[in-house]
2 protein chains.
Amino acid sequence: MTQHSGNGNDFGGRNIHVMRARRLGIDTQHEAFIFMRKDCHVCRAEGFAAHARVEVRHGADVIDATLYQVTSDLLHHNEVGFSEAAWRRLALTDGDEVTVSHPPIVESLSIMRGKVYGRRFDDASLQAIMTDVVAGRYSDIHLAAFVTACSARELDLDETVALTRAMVGVGETMTWPSAKVLDKHCIGGLPGNRTTPIVVAIAAACGLTIPKTSSRAITSPAGTADTMETMAPVMLDRDAIRRVVEREGGCVVWGGAVRLSPADDILIRVERALDLDSGGQLAASVLSKKIAAGSSHVVLDLPVGPTAKVRTRMAAKVLARNLIAVAETFGLVARIVYTDGTQPVGRGIGPALEARDVLAVLQNSAAAPADLRDRAIALAGEVLELGGIAGGAGRAAEVLRDGRAWRKFQRICEAQGGMRTPPVSQHRRDIHARHGGTVRGIDNRRIARVAKLAGAPEDKAAGIELHVRLGTRVERGQPLYTIHAEAAGELDYSLAYAAANPDILVIED
Amino acid sequence: MTQHSGNGNDFGGRNIHVMRARRLGIDTQHEAFIFMRKDCHVCRAEGFAAHARVEVRHGADVIDATLYQVTSDLLHHNEVGFSEAAWRRLALTDGDEVTVSHPPIVESLSIMRGKVYGRRFDDASLQAIMTDVVAGRYSDIHLAAFVTACSARELDLDETVALTRAMVGVGETMTWPSAKVLDKHCIGGLPGNRTTPIVVAIAAACGLTIPKTSSRAITSPAGTADTMETMAPVMLDRDAIRRVVEREGGCVVWGGAVRLSPADDILIRVERALDLDSGGQLAASVLSKKIAAGSSHVVLDLPVGPTAKVRTRMAAKVLARNLIAVAETFGLVARIVYTDGTQPVGRGIGPALEARDVLAVLQNSAAAPADLRDRAIALAGEVLELGGIAGGAGRAAEVLRDGRAWRKFQRICEAQGGMRTPPVSQHRRDIHARHGGTVRGIDNRRIARVAKLAGAPEDKAAGIELHVRLGTRVERGQPLYTIHAEAAGELDYSLAYAAANPDILVIED
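Starting from 1, residues in each chain are numbered consecutively following that chain's sequence as written. Written order decides the labels, with chains lettered from A and ligands numbered from 1. Owing to the predicted nature of the model, reporting of local features is limited to residues with pLDDT of at least 70; listing and counting of side-chain atom pairs is limited to 80 or more, with chain, interface and lining totals taken over all residues. Water and hydrogen atoms were dropped before computing side-chain values, which therefore reflect all heavy atoms in the structure.

## With respect to the relation of the copies chain B and chain A
To go from the first copy of the chain to the second, apply a rotation about an axis and then a shift along the same axis. The condition is simple: Superposition of the copies was done by least squares, using only C-alpha atoms of residues whose pLDDT is at least 70 in both. Two residues qualify as a contact provided that any one of their heavy atoms is within 4.5 Å of a heavy atom in the partner residue.
Taken as rigid bodies, chain B and chain A are interconverted by a rotation of 180° and an axial shift of 0.0 Å, the fit giving an RMSD of 0.1 Å. The transformation relating the two chain copies, once decomposed into turn and shift, fits a two-fold axis. Of all interface residues in chain B, 99% are interface residues in chain A too; the two copies therefore contact each other through one and the same surface.

In structure tokens:
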């Protein structure tokens, strides 16, 4: 996808600028940054300016990186400082010899520019772009241009299929012996909407194959992998995942260890920063992960509500049509379930608090949140039907009620490395109603923010516990929700935000 | 343009996270970066991830910045490390108290997204966007999306006018007492095309007002300001510029000290990284600087050639129409001169080497490069005509020949702070023809690269001196060009590149 352009790398094989690697311990997420002294020999000779794209070599390994220049004594003249992402990708140790030069031209950028000017993508062009994206050859500026171009020049069905195929192609894939491989996914997320462990337990208890790979939170207070991790290990490699699924039919593991559609992980961060994701990109993002995971049938939970990702029923329908059409091309059967996205699901928001809700539902506890149970049953019913098991939601409810789902879940946890008890928070404080009335609105985004300020998802026990739902009648002084934190500082911070934002819950007469 | 969204800044006035500023001496160009320990109280409490946008306050000063997280002992838990751009904008000294919080929502981003989806910009929307751009509220990702949107949804004339007006509006402007204020500008640049000092000298010698603000090189081996600086000081403030122009009618100074269209400086870097600049953006970029500088008449030199910025005559004409139409709206008279962009101009490429050519032309030296002289006369002729002085190029040639231009140039240099002699390089080496034949092609981009590798523009005396032009008949072993460098290392590096790229000059039988 790249070729040497004679623009700086080509010095007749001479390697005249050996430098020493130094780990700076700077986390830049996926971006590869390097730091060099502005007055070092290489910067002067190469004519590098700050922010230049450079090629860094360590033995046979080579990456593209963004260069920043140091004007202080942070680095010696012969040192190159590395961000963590760059350090890992070059497998460096301190003092290793590295060379820095002008990078080859990234040929696929001209394809990307073509799209900006209105040319359509084909299979080969998206393959080229995704290859370069995954190889780290696109800076954030290039990624932003790609994402913007795909929104300004909306991808048609063929292009969306091509993007999905390319995203699958540049990552790893999994295959399964059974003919039907079930999956479920929630689009956009909703605080507390942790149906996955329950759905997997029900489906696996009914004999279906449902190898669920989940993500950690990126901007939310908990991802399914974070919640599941409070109940069992989730960082399993391919072979371990395969063993769990062979034995129990299902799993709930972190997908990061298997590099399914790694381009998605890179693009999604830029899409969020821009708050742009076209239907085509969203479909490719969701479906590339499912296809790479080897799924044949997927139930897509699509919450719709004013503070959910998808805000109107009409937008949801357009999205659904697109998802189904693209999935079909890959022989993947997709079923969309529109769900209520007007308020959080269950009581807990945060890894351990959500796990507690999940366990209450699985254990048929009287205190189990009914909305979480009902949603899980509805989604599991769709999964069962897609899997060819008659009875749908009725059957799912039965398997949950008679304890088979709970036993299956325990076995899955054991197979993943042993069941755990979710941790309990050290600090708690209630937020009370300032006046009486009926709960008329809950802001999903700001309630999630309170949970994050309290420490979720890093502090597993942190988050919030909701005591009311839309329509609940409250008296003045009645507790609306409880903030859970691991440290007093986080608790204070979260409380201050909650106090300053009483309208997160709208209470009207 | 922003408003507090209740998303993190609003803690009822409590200021619970005071940190200490530390200068890291990292040059990131205009981008404001800060660095904090991942495990510090603020990152944990705020739920900041690496790459988050944050708001940083120091007393009454506030900026938006991009946060990177440190996992090593580079920083203490209560320290915030700053990039140079962030440090300067907050006017910090080591140990100052700063606070870091979630930034207010940048409202104009939704306008930018509207453009992505096809809505047109109006005056107010571009004003809002440019205000936020200049305030540093757009990350590179946002800037890239803006630039891409303006290319994918090409700006029409009204939008281009609105963008130009907004870019002028967010910067400083200059005004002049004379009714006609002349200017000239070369679009895209061409190595060695340093006509400006000559044109200014001729026009000022004829009594015109021509207060020329120039830029330094961004990616080229020399900008006009770099070249001029080898002959006279160029870093003058507004008052000093005004005094020079009042006294001599003209000047050639660096524009950076007067913040004319500062948005352009920010956008142009991203446009170059993407290699995207739509006609609308190019027009706004060029003309906003001229309008802000108070020009009433401008001659635009538009080199056309296969390795110039504008590659075909047709592209040049489209661009020219756009430039003239936008300029007209602002009462700015623009005249376009299409020039030969197939090869470098003059002999020297690099600040001092180009200055030597300029001086040779001004001094009527027998060795003066004819092409530089002819181009300067042609452009000066257009400037004179626009300025209402009859005779055009003939008159310009006369003023040059009889020494008036040279005397005026010396007076301008004295007024700017004193005339200087351009420095001479320490190291030189000739590049010889490998075989005989006729020079059929010169790659502007790669010849510029040789000059940069030799140290230009930082090393003022560095660069290259061309001994041949298109059509020159050469013998095997004849010197084609001489590399000038200040240090042996740069010379070697430049030589290695030149040796590995013999086709920079195409010699055919």
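## Details of the pattern of salt bridges
Residues and elements named next belong to chain A. Worth spelling out the cut-off: Whenever Lys or Arg places a side-chain nitrogen within 4 Å of a carboxyl oxygen from Asp or Glu, that contact is recorded as a salt bridge. Secondary structure elements are taken from DSSP: a helix is a run of H or I of four residues or more, a strand is a run of E of two residues or more, and numbering for both begins at the N terminus. Per-residue accessibility, obtained with a 1.4 Å probe over protein chains only, is compared with the maximum for each type, and a residue is labelled buried under 20%, exposed over 50%, and partly exposed between these values.
Considering all chains together, one arrives at 64 salt bridges over all chains under this definition. The residue Arg411 makes a salt bridge to Glu248 at a minimum N-O spacing of 3.4 Å. One end of the pair, Arg411, is in helix α16 (residues 404–415); the other, Glu248, is in helix α9 (residues 238–248), with 163 residues separating them in the sequence. For Arg411, a relative accessible area of 38% translates into the label partly exposed.

## Digging into helix α16 (residues 404–416) of chain B
Residue and element names in this part refer to chain B. So the rule is basically this: Given the number of residues in a helix, its expected span is that number minus one, multiplied by 1.5 Å.
A rise of 1.5 Å per residue sets the reference length of α16, with its 13 residues, at 18 Å; its end C-alpha atoms lie 18 Å apart and thus fit the reference within 8%. Within α16 the residues assigned to the buried category are Ala405, Trp406, Lys408, Phe409, Ile412, Cys413, Ala415 and Gln416. If you follow the buried residues of α16, they end up packed against α7 (196–205), α8 (224–229), α9 (238–248), β11 (250–254), α13 (351–362) and α15 (392–401). Positive phi shows up at Gly417, right after α16, with a value of about 135°.

## Digging into the confidence of the model for chain A
Under the convention used in this document: You can read pLDDT as the predictor saying how much it trusts each residue, on a scale of 0 to 100.
Per-chain confidence: chain A averages 91 in pLDDT, with 97% of residues scoring 70 or above. Across residues 1–15 of chain A, where pLDDT falls below 50, the model places 51 contacts with residues more than four positions away in sequence or in other chains.

## Considering the pairing of strand β2 (residues 18–27) of chain A
Counted only if it meets this: Here a strand pair is declared whenever DSSP counts at least two bridges between the two strands.
Direction of pairing for β2 of chain A relative to strand β7 (residues 97–101) of chain A: antiparallel, over a ladder of three bridges. Counted as the bridge partner of Val18 of chain A is Thr99 of chain A from β7 of chain A. Pairing geometry for β2 of chain A and strand β6 (residues 79–83) of chain A, over five bridges, is parallel. Pairing of Arg20 of chain A across the sheet is with Glu79 of chain A, part of β6 of chain A. Direction of pairing for β2 of chain A relative to strand β5 (residues 61–70) of chain B: antiparallel, over a ladder of two bridges. Counted as the bridge partner of Asp27 of chain A is Gln69 of chain B from β5 of chain B.

## Quick notes on the nonpolar core
The following threshold applies: Put simply, buried Ala, Val, Leu, Ile, Met, Phe, Trp, Tyr and Cys residues joined by side-chain atoms within 4.5 Å make one nonpolar core.
Formed by 66 residues in total, the largest nonpolar core has its most connected members in Met130 and Phe146 of chain A together with Met130 and Phe146 of chain B. Those residues within four positions of Met130 of chain B in sequence are excluded, and the remaining contacts are Phe146, Leu163, Ala166, Met167, Val170, Ala263 and Leu267 of chain B.

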